[in-house]
Amino acid sequence: MNIWTKAGSKVGFTTAYVAIMTFLLFPIVWMVMMALKGYDDVIAYPPKFAFSPTTENFRSVLFGDGGSMSSGAGEFMGYLGNSLIVSLGAVALSLVVGVPAAYALIRNRIGKEDTVAFTFLSFRFAPELMVIIPLYGIFQSMGLYDSYLGLILSHQLITIPLIIWIVRTFLQDVPVEIEEAAQIDGCGPLRTLVRIVLPVIRPGVASAAILAFIFSWNNLLMGLVLSGGTTQPVTVGILQAIGFDQVRWGWMAAAAVVSALPGMLVALYMQKHLVKGLTMGVGK
Amino acid sequence: MHRRKAMVAAGAVAAMMALTACGSEGSTTPSAALPELPADAEYNPRAFEGESIRLLFIEHPFVSTVQPLIPEFEELTGIDVNIEVLSEQQGFDKLQADLSNKAGNYDVFMTDPLHNWQYAAAGWVEPLEEYIASDQLTMPGYDVEDFAPGIYDAGRWTLEPLKGIGEGSTWGLPINFESYNLTYRPSMFEAAGIEVPNTYEELSVAVDKLNESLPSDQYPIVTRFDRYWDLTYLTFGSMAQSYGVELLDEEGNVDIASERGVEAAELFLDIVKKGSPSDASAFTWYEVLQGMSSGRFAIAFNEADLFASTYENPDESAVSDDVGYALVPEGPEGRSTGAWIWQVSMNSASKSKGAAWTFMQWLTSKETLLETHLAGNMNPVRLSAWQDPELSALVDEWGSVNGEYREVLEGTAEIAAIRVPPHPELTRALDIWAEALQKSYFDGNTEANLRDAAEQIERILQ
Amino acid sequence: MSPQQAVERTGQRAPAEPRKGFRRGPATRASTKRTYVLMLMPALLLVIGIMIPFLNGIWTSLTNKKSYINDPSFVGLENYIELFTDESFLRALGRTILYVVVVLAVQLPLAILAAILLARSSVGSWMARRVLVLPLLIPPIVAGLMWKTMLQPSAGVINYLLGLVGIPPQPWLTDISTSLGSVILIDTWAFLPFSTLIILAGLQSLPNEIKEASQVDGAGPWNVFRHISLPWIAPYVVLVAIFRVADSFKQFDLVWPVTRGGPIDSTRLLHVMGYEEVFRFSSTARGMAVIFVLWILVYTVSSYLLKVWRRTINAVG
């Protein structure tokens, strides 16, 4: 390849890179700016890029009221805690249940493997609105309403399909020889999974876990309808910024930033596993 | 494998039938289930001591004025109170989930006539008149006559489709109301050399003059215009009513595409087109409030009067010392406005009705309501409220001259009423009318669109 | 040797069927099977828990239930027939399909491009990988509201910035010809990271030996991409497609708070219509019917995509 094509493609790649980065980053930057603005700066026109920042919104989110004019102190952090419990719990449960299920589906024919797997996926197809009202009734009568367990279970609707299918796609890439070697050594399927296969598909499990966590964290409808005062998640909390007559943008932006932090930490932690490429040289 | 699948399916079907059966109990005729009290008992606030109730409130300044008072209530009655506050859309969604499952999770909830027509028709709301009438259950001095009649009556309905507002059972007690006025910027009027318009025609002329004098980033008019029932129920609805046009006329026919109906619609669209920016069709009341407070507009047209509390607050608006209020303009049939009333209602599936009623009457009593008004809950629903000197002093400074807000409000209260037919599917009808208006904004075929809409509405309501 | 042969030599994809001829005694086979079933049971139980409300929903759609009708009667397919003769439903149906098609057409290539950009090791990549996850961390409903205010034609920051470089203000969400496109724009912002992350993970799982082997053979970067990388990441791309199809058919959080289906009905997708029928218009049965049609659409398209997915898996090795 001659030097001009190489340079041309490099310019092309760089432009594409900058364009995508700007597209993704600008709204985030704008939102952070909004979180640091006073109300009159937020609604000012022309939009202000230079302004005197205030920490009022962050203070209000972290220590003060819950954002609406009616909540009490420190409430938002409570919502954050609730979301942490529910989303971490949901992902943990889905991993424990889903990874072995994905493995079992790949390695053994239990009936029609793909139909079963597809059934799991198909629950992601169900619009939440279809199930949420009857689910509310069921939860109320079973005492699962406003409970962490109830929310964790309901979030399985979101997390299990993601985990099973992403892990399954990665499992397809694992050479069978590795497992056969373990099985000759006498490992049963569970041990083979845990000892041999899991380390190899770690990036896949990590991606699946991050994405499942994020989707669970961002979910609104389950948390709105199935939680009450005790377990209200952070998504419902952020929306309290929508007052009856105005949206408190600054507060909402600050709340969104604060609520994004746990996800960022989870993602950063998982990145360690993601970045490590898959080394297929195992056992060769 | 097949057998197992079949069993699972059968089990699921059985469970589902059981659930459906659960959901279909309940009578259509309402009957209150008053708590039993000994025959000679007098009113005792502590009659339901030890019980606990759960409230669902919709995000509103009212809520923040009430919350500090709750501990007093708990002391007084020994009833434990839990409140959940959600913003409007989320709150009503959740309320619907609870009511339709008859789960009884919430004992008392914030609502309004439009929603209550649906809820009461479904049997989800407890009728209150027997509670009010009972000397045992209701405090002396509650004085139900003190409520502004039009406002109180909006909470009564016989459950007959399309008629019977103001008669029959009481479904909710009012806690505040909102009506509509012209909010304007005196300085901009002065610069354009105009007076406050008195009729809709004068308003149109005023918009023209303002267009000439205002700089390019400011506009004469702002009003909500999304294709949502509040347009035709409240803001445009007010204008239509002053042209003698309501959703149904006296014979019960859909009236929106009549000559007067088209006239009002065309004038409205004309004013918005020439006086508002091009994205006006997406404005909700949020954009109205924000736009007016940031100083971009000269007139908030037929918009909510209680936005005044934001406009007058220097921390929240850039126009706090340059805002005035006037009655809605006059149409050929006089002046008229709609009203949005917030109420509290009792869940018919509540398991603590006595405690719930104790709370509701406390909440809507003279003393409690007055305290909330003083803290910012607008507008008062009891006639006695304005007698309080502190309250009148509070709003005295609002407006371009002293006492302007109060004067306009009193004038508005005389012409405000809910002039729509009660029906559980009214929301859909009002939406259709609003959509026709929005369509006409884009394609200009006002009459044809309104006729189409009228036909659709006929089919729904008849 | 051809790239195909290189793959076969150094690392195969695990075949979908278990290896035949692999000797295991009958007892071991049975206990293995039992273990597998046990591993699967918890997942199945959870699945059943969702079935009941779902079936309830289907049942409701076959009745005349409105929220204020307390003993609904069975009406069979009447609701469905009514829907398919209702112009506003058919428009919503067409609109939703269009939405999904455009979302896929825009987001899949973009995600592949972004994944390639990020897979190249460089400082920029390192930063990008961390930045990528940020839009995902904003709940869709908040993202929608933020974009709504940024895209405000007369008062928003986007038009303001466009104005600075001489581009006239765009109506974005407020005009019927641009509103759906604007929603797709917001959707892309919110979900491009999701798609990119999955495809990126797939790209990174491609064993280096394979790439190196073919490059040693003198294959240029474009050929390497076309014959090695692309088939390798194909299953991941299809997986992303399956998820995106499901999510965009069901799109609600990005539409309702932002446009409420407007202006007029230009962004009224099926899920929005279903929500309105159930929650605003009290027509529970009709709403359930709309939502069930939606579900069938998603199911059908995803079944087809599943076949594609299997083909892409078997295509390599």
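Here is what the cut-offs are and how they apply
- The residue numbers shown here count from 1 along each chain, following its written sequence.
- For naming, the first written chain is A and the first written ligand is 1, with later ones following in the order written.
- The predicted origin of the model limits local features to residues at a pLDDT of at least 70 and limits the giving and counting of side-chain atom pairs to 80 or more, whereas totals for whole chains, interfaces and linings rest on all residues.
- Water and hydrogen atoms were dropped before computing side-chain values, which therefore reflect all heavy atoms in the structure.
- In DSSP terms, a helix is any run of H or I states spanning at least four residues, a strand is any run of E spanning at least two, and both are numbered starting from the N terminus.
- With C-alpha atoms as the basis for the radius of gyration, the globule rule is written as 2.2 Å multiplied by the number of residues raised to the power 0.38.
- Burial here depends on accessible area, computed with a 1.4 Å probe over protein chains only, as a share of the maximum for the residue type. Under 20% is buried, over 50% is exposed, and the range in between is partly exposed.
- By definition, residues are in contact when any of their heavy atoms lie within 4.5 Å.
- Each accessible area is a Shrake-Rupley result for a 1.4 Å probe, and residues are judged covered by the shown protein chains and nothing else.
- By convention a nonpolar core is built from buried Ala, Val, Leu, Ile, Met, Phe, Trp, Tyr and Cys residues, the set being connected through side-chain atoms within 4.5 Å.
- The split into domains, and so the bounds of each, comes from an automatic or database assignment of domains.
- One side-chain nitrogen of Lys or Arg within 4 Å of one carboxyl oxygen of Asp or Glu is enough to make a salt bridge.
- The distinction between a cavity and a pocket rests on a 1 Å grid over the protein atoms alone: a 1.4 Å probe fits inside a cavity but cannot get out, while a pocket stays open yet meets protein on both sides within 12 Å along at least five of seven lines, and a residue with an atom within 4 Å of a point counts as lining.
- Grid points are joined across faces, edges and corners, and a volume is the space filled by probe spheres set on the points.
- Lines fitted to C-alpha atoms define the axes, with helix axes restricted to the stretch in contact, and inter-axis angles between N-to-C directions lie between 0 and 180 degrees.
- For classification purposes, angles smaller than 35 degrees are called roughly parallel, those larger than 145 roughly antiparallel, those between 65 and 115 roughly perpendicular, and all remaining angles oblique.
- With the far helix as reference, a near helix turned anticlockwise by less than a right angle produces a left-handed crossing, and one turned clockwise produces a right-handed crossing.
- Any residue outside Ala, Val, Leu, Ile, Met, Phe, Trp, Tyr, Cys, Pro, Asp, Glu, Lys and Arg is labelled polar, Gly included; the first ten of those are nonpolar and the last four are charged.
- Whenever a nitrogen or oxygen atom comes within 3.5 Å of another N or O atom, the pair is scored as a polar contact, on the condition that within protein one atom can donate a hydrogen and the other can accept it, and that pairs from neighbouring residues in sequence are kept only if both atoms are in side chains.
- Arc definition: directions from the helix axis to the C-beta atoms.
- Any two strands with at least two DSSP bridges between them are considered paired.
- By buried area we mean how much accessible surface two parts lose on assembly, using a 1.4 Å probe and totalling the loss over both.
- Planes of paired rings set the category: under 30 degrees apart is stacked, over 60 is edge-to-face and the rest tilted, where pairs are Phe, Tyr or Trp rings (Trp by its six-membered ring) whose centres lie within 6.5 Å.
- Note on criteria: charge over ring means Lys NZ or Arg CZ within 6 Å of the ring centre, with the direction from the centre no more than 35 degrees off the ring normal.

**Concerning the overall build of chain B**
- Within chain B one finds 19 helices and 11 strands.
- In terms of overall size, chain B behaves like a compact globule, its C-alpha atoms giving a radius of gyration of 24 Å where 462 residues would be expected to give roughly 23 Å.
- If one aligns the C-alpha atoms of chain B with their principal axes, the spans along those axes are about 70 × 65 × 50 Å.
- A burial count over chain B gives 60% of its 462 residues as buried.
- Across chain B, every contact between residues at least 6 apart in sequence was considered, and the portion connecting residues at least 24 apart equals 75%.
- For chain B, the accessible surface area stands at approximately 16900 Å², while carbon and sulfur atoms represent 48% of it.

**Some details on the nonpolar core**
- Core analysis: the largest hydrophobic core is formed by 359 residues, its most contacted members being A:M252, B:F57, B:F236, B:F359 and B:W433.
- Top element by residues in this core is helix α10 (residues 221–249) of chain C. It accounts for 16 residues.
- Each of domain 1 (2–60) and domain 2 (73–279) of chain A gives at least three residues to this core.
- Aside from chain neighbours lying at most four places away, what touches B:F359 is B:I53, B:L55, B:F57, B:I70, B:F73 and B:V81.

**Describing unusual backbone geometry**
All names here are of chain B.
- A cis geometry characterises the amide bond from M378 onward to N379, with omega recorded as -10 degrees.
- Tracing the sequence through the fold places N379 in the loop between α15 (366–375) and α16 (389–394).
- In this structure, L159 is a non-glycine residue whose phi angle is positive, near 75 degrees.
- One non-glycine residue, N302, adopts positive backbone phi at about 50 degrees.
- With respect to the helices and strands, the residue N302 is situated in strand β9 (residues 297–304).

**Observations regarding the pattern of salt bridges**
- Across all of its chains, the model carries 37 salt bridges over all chains by this definition.
- B:R224 is the partner of B:D230 in a salt bridge, and the nearest nitrogen-oxygen pair spans 3.0 Å.
- Given the relative accessible area of 1%, B:D230 is considered buried.
- The salt bridge involving B:E425 is made with C:K66; its shortest N-O contact spans 2.6 Å.

**Focus: empty space enclosed by the protein**
- Inspection of the entire model under this criterion finds 12 cavities of 30 Å³ or more.
- The calculated volume of the second largest cavity comes to roughly 660 Å³.
- Every residue lining the second largest cavity is counted, 35 residues in all, and those nearest its centre are A:E128, A:N219, C:P140, C:K250 and C:D253.

**Description of the packing of helix α7 (residues 148–171) of chain A against α10(C)**
- Direction vectors running N to C along α7(A) and α10(C) enclose 165 degrees, while the axes themselves pass 10 Å from each other. Between α7(A) and α10(C), the interaxial angle falls into the category roughly antiparallel. Considering the relative orientation of α7(A) and α10(C), their crossing is right-handed. Where α7(A) abuts α10(C), its residues A:P161, A:L162, A:W165, A:I166, A:T169 and A:F170 lie against C:P235, C:Y236, C:L239 and C:F243.
- Residue composition of the contact of α7(A) with α10(C), by class: 9 nonpolar, 1 polar and no charged.

**Topic: the interface of chain B and chain C**
- The partner chain C presents 38 residues to the 45 residues of chain B that form the contact.
- For the pair chain B and chain C, the interface holds 22 residue pairs in polar contact (both at pLDDT 80 or more).
- Among the elements of the structure, α1 (2–23), α4 (88–100), α5 (113–121), α12 (285–293) and α18 (426–443) of chain B are those that each provide at least two residues to the side of chain B that touches chain C.
- Partitioned by chemical class, the residues of the side of chain B that touches chain C number 17 nonpolar, 14 polar and 14 charged.

**Observations concerning helix α3 (residues 70–77) of chain B**
All names here are of chain B.
- All of the buried residues along α3 are I70, F73 and T77. For α3, the arc enclosing every buried residue in end-on projection is 55 degrees, short of the 170-degree limit, so these residues lie on one face.
- Contacts made by the buried residues of α3 are with α2 (61–66), β2 (80–86) and α14 (353–363).
- G78 occupies a position one or two residues after α3 and carries a positive phi of about 75 degrees.

**Things to note about the pairing of strand β11 (residues 340–346) of chain B**
All names here are of chain B.
- For β11, a buried count of 7 out of 7 residues is recorded, marking the element as mostly surrounded by other parts of the structure.
- Side chains W340, W342, V344 and M346 of β11 all project onto a buried face; the interleaved residues I341, Q343 and S345 project onto the opposite face, where all are buried too.
- Two strands pair when backbone bridges link them, and strand β3 (residues 108–111) and β11 are joined in this way by 4 bridges, in the antiparallel orientation. Bridging from a neighbouring strand, T111 pairs with Q343 of β11.
- Across 5 bridges, strand β6 (residues 173–178) lies against β11 in antiparallel orientation. The residue of β11 that forms the bridge with N176 is W342.

**A closer look at the interface of chain C and chain A**
- Contact with chain C, which involves 106 residues of that partner, is made by 98 residues of chain A.
- Buried area between chain C and chain A, both sides added, is near 9500 Å², and the carbon and sulfur share of it is 79%.
- Between chain C and chain A we count 0 salt bridges in total.
- Where chain C touches chain A, the interface holds 3 residue pairs in polar contact (both at pLDDT 80 or more).
- Per-element tally for the side of chain C that touches chain A: the top contributor is helix α2 (residues 26–61) of chain C, with 20 residues.

**Section: the sheet that holds strand β7 (residues 180–184) of chain B**
All names here are of chain B.
- Overall, mixed pairing links the 4 strands, which are arranged β8-β9-β7-β10 in an open sheet. What marks the edges here is a single partner per strand, and that holds for β8 (219–222) and β10 (324–326). Going across the sheet, the axis of each strand differs from the next one's by a mean of 20 degrees, ignoring polarity.
- Most of the contacts of helix α11 (residues 259–275) go to β8, to which it runs at about 135 degrees, and overall it touches β8 and β9.
- Of the strands in this sheet, β7, β8 and β9 touch α12, which is tilted by about 145 degrees from β9.

**Quick word on the side chain of A:T169**
- Its place among the elements puts A:T169 in helix α7.
- Within the structure, the side chain of A:T169 is placed 2.8 Å from the backbone oxygen of A:W165, a separation counted as a polar contact.
- Residues within four places of A:T169 in sequence aside, it is in contact with C:P235, C:Y236, C:L239 and C:W309.

**Focus on the sheet that holds β3(B)**
Residues and elements named next belong to chain B.
- One open sheet holds the 5 strands; their spatial order is β2-β1-β3-β11-β6, and the pairing between them is mixed. Of all the strands in the sheet, just β2 and β6 have a single pairing partner and so form its edges. Strand-to-strand twist across the sheet, computed as the mean angle between neighbouring axes with direction ignored, equals 15 degrees.
- Across the sheet, α14 lies against β1 (52–58), β2, β3, β6 and β11, angled at about 150 degrees from β11, the strand it touches most.

**Digging into the packing of aromatic side chains**
- For the structure shown, the criterion picks out 57 aromatic pairs over all chains.
- Centre to centre, the rings of A:Y136 and A:Y145 are 5.4 Å apart; their planes meet at 80 degrees, and the pair counts as edge-to-face.
- Since its relative accessible area comes to 0%, A:Y136 is described here as buried.
- Seen in terms of ring centroids, C:W59 and C:F74 are 5.5 Å apart; in terms of plane orientation they differ by 25 degrees. Their pairing is stacked. With a gap of 15 residues between them, C:W59 in helix α2 and C:F74 in the loop between α2 and α3 (78–84) connect regions that are remote in the sequence.
- The exposure class assigned to C:F74 is exposed, which follows from its relative accessible area of 52%.
- Directly above the ring of C:F191 sits C:R244, whose terminal nitrogen or CZ lies 4.2 Å from the centroid.

Any functional reading would require information beyond the geometric quantities listed.
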